[in-house]
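Each chain is listed here by its residues.
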Amino acid sequence: MELIIQSLPFLLTGVLQTLKVTLIAVAIGCILGLFGGMGRLSKNRFLRGLATCYVDFVRGTPLLVQLFIVYFGLPPVIQEFKIFLATSFALGPFTSTSHIPPFVAAVAACSINSGAYVSEIFRAGIQSIEKGQQEAALSLGMTPKQAMRHIILPQAFRRVIPPLGNEFIAMLKDTSLLICIGYAELTRQGQLIIGTTFRPFEIWFAVAFLYLIMTLSISRLVDYTEKRLDTNGNH
């Protein structure tokens, strides 16, 4: 118990980093997901195909692989692109290497991953709204875009709160994969402490307990928000 108390400041630093990446990633993911969900429902074949390819690729591949693509795969591509520009425009020799900071790679990969899942959440939320709602809006003289903005989306946002909460929790736990690129989130902090104390049981138990506190807190917050917004119309 004494070891856990001594290690708590370092673990809490990891908690803050975990929450920071999760908040930013899900926020960006919601923006990507809204456009992705709208694209999946678009009548434009190109937009629908583009959104479908994005969702299928991201949901069909592991987050760990996506993280490696961003962190290890993109720097050589960026480097080659810089060399191409330097050569094409006679900018002289270009020798500096490209590197993506772990935080940037973490946020980018997690945001792209979250966006694909949120796309399906928004698509399902929009499709859950009765077609009569849009037909009524059109009969009142609204354009399809106005009906979507003022009638469909506000109702859809209420209905997607529970699955968005689940996505937040899933992403929070998935940030443990960032240990593979050395980002100092909660799991990485636990690993570093174990490397100096050689007491894995206590530290991993503390790490698990901190994850549990975060996920339970978010679950309760989502439940409270759902009741406040009367998501299901039962209150």
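Report follows, based on the coordinates. What you see is a predicted model; the values in this text were computed from it and never measured. (Residues numbered from 1 in each chain as written. Predicted model: local features only at pLDDT ≥ 70, side-chain atom pairs only at ≥ 80, totals over all residues. Heavy atoms only, no water.)

### Focus on the pattern of salt bridges
Keep this limit in mind: By salt bridge we mean one thing: a side-chain nitrogen of Lys or Arg within 4 Å of a carboxyl oxygen of Asp or Glu. Each residue gets one of three labels from its accessible area relative to the maximum for its type: buried under 20%, exposed over 50%, partly exposed in between, using a 1.4 Å probe on protein chains only.
Per the counting criterion, the structure on display carries five salt bridges. One salt bridge in this structure joins R199 and E202, with 2.8 Å as the shortest N-O distance. Judged by relative accessible area, which is 37%, R199 ranks as partly exposed. The structure contains a network of salt bridges with shared partners spanning R40, R59, E120 and R123.

### Observations regarding the packing of helix α8 (residues 186-197) against helix α9 (residues 200-228)
This is how the line gets drawn: Fitted lines through C-alpha atoms give the axes, limited to the stretch in contact for helices. The angle between two N-to-C directions lies from 0 to 180 degrees. Each helix corresponds to a stretch of at least 4 residues labelled H or I by DSSP, and each strand to a stretch of at least 2 residues labelled E; elements are numbered beginning at the N terminus. Roughly parallel covers angles under 35 degrees, roughly antiparallel covers those over 145, roughly perpendicular covers 65 to 115, and oblique covers all other angles. Left-handed describes a crossing whose near helix is turned anticlockwise from the far helix through less than a right angle; right-handed describes the clockwise counterpart. Whether two residues are in contact is decided by their heavy atoms: any pair within 4.5 Å suffices. Classification convention: Asp, Glu, Lys, Arg as charged; Ala, Val, Leu, Ile, Met, Phe, Trp, Tyr, Cys, Pro as nonpolar; all other residues, Gly among them, as polar.
As a packed pair, α8 and α9 sit with axes 9 Å apart at the nearest point and diverge in direction by 165 degrees. Between α8 and α9, the crossing angle belongs to the class labelled roughly antiparallel. Every pair of crossing elements has a handedness; the one defined by α8 and α9 is right-handed. Here L186, T187, G190, Q191, I193, I194 and T197 of α8 come into contact with α9, specifically with P200, I203, W204, V207, L210, Y211 and M214. Residues that form the contact of α8 with α9 fall into these classes: 10 nonpolar, four polar and no charged.

### Thoughts on the packing of aromatic side chains
Cut-off, in case you're wondering: A pair of Phe, Tyr and Trp rings is counted when the ring centres sit within 6.5 Å of each other, with Trp represented by its six-membered ring. The angle between the planes then sorts it: under 30 degrees is stacked, over 60 is edge-to-face, the rest tilted.
With the rule as written, the count across this model stands at five aromatic pairs. A centroid spacing of 6.3 Å and a plane angle of 20 degrees characterise the contact between F201 and F205, whose relative ring orientation is stacked. Taken together, the positions of F201 and F205, both in helix α9 and four residues apart, correspond to about one turn of that helix. By relative accessible area, F201 is classed as exposed at 66%. Residue class for F205 comes out exposed when judged on its relative accessible area of 51%. By way of ring pairs, the aromatic residues F68, Y71 and F72 are connected into one cluster.

### Considering a nonpolar patch on the surface
This is how it is decided: Each patch groups residues whose relative accessible area exceeds 30% and which form no salt bridge, using 9 Å between like charges and 5 Å between nonpolar side chains of Val, Leu, Ile, Met, Phe, Trp and Tyr. In this description, accessible areas are obtained by the Shrake-Rupley approach with a 1.4 Å probe, and a residue is regarded as covered only by the protein chains that are shown.
Taken together, F201, F205, F209, L212, I213 and L216 make up a surface patch of nonpolar side chains, about 630 Å² in accessible area. Relative to the assigned elements, L216 resides in helix α9.

### With respect to unusual backbone geometry
Unusually for a residue other than glycine, F198 sits at a positive phi of about 55 degrees. With respect to the helices and strands, the residue F198 is situated in the loop between α8 and α9. Taking relative accessible area as the criterion, F198 reaches 66% and is therefore assigned exposed.

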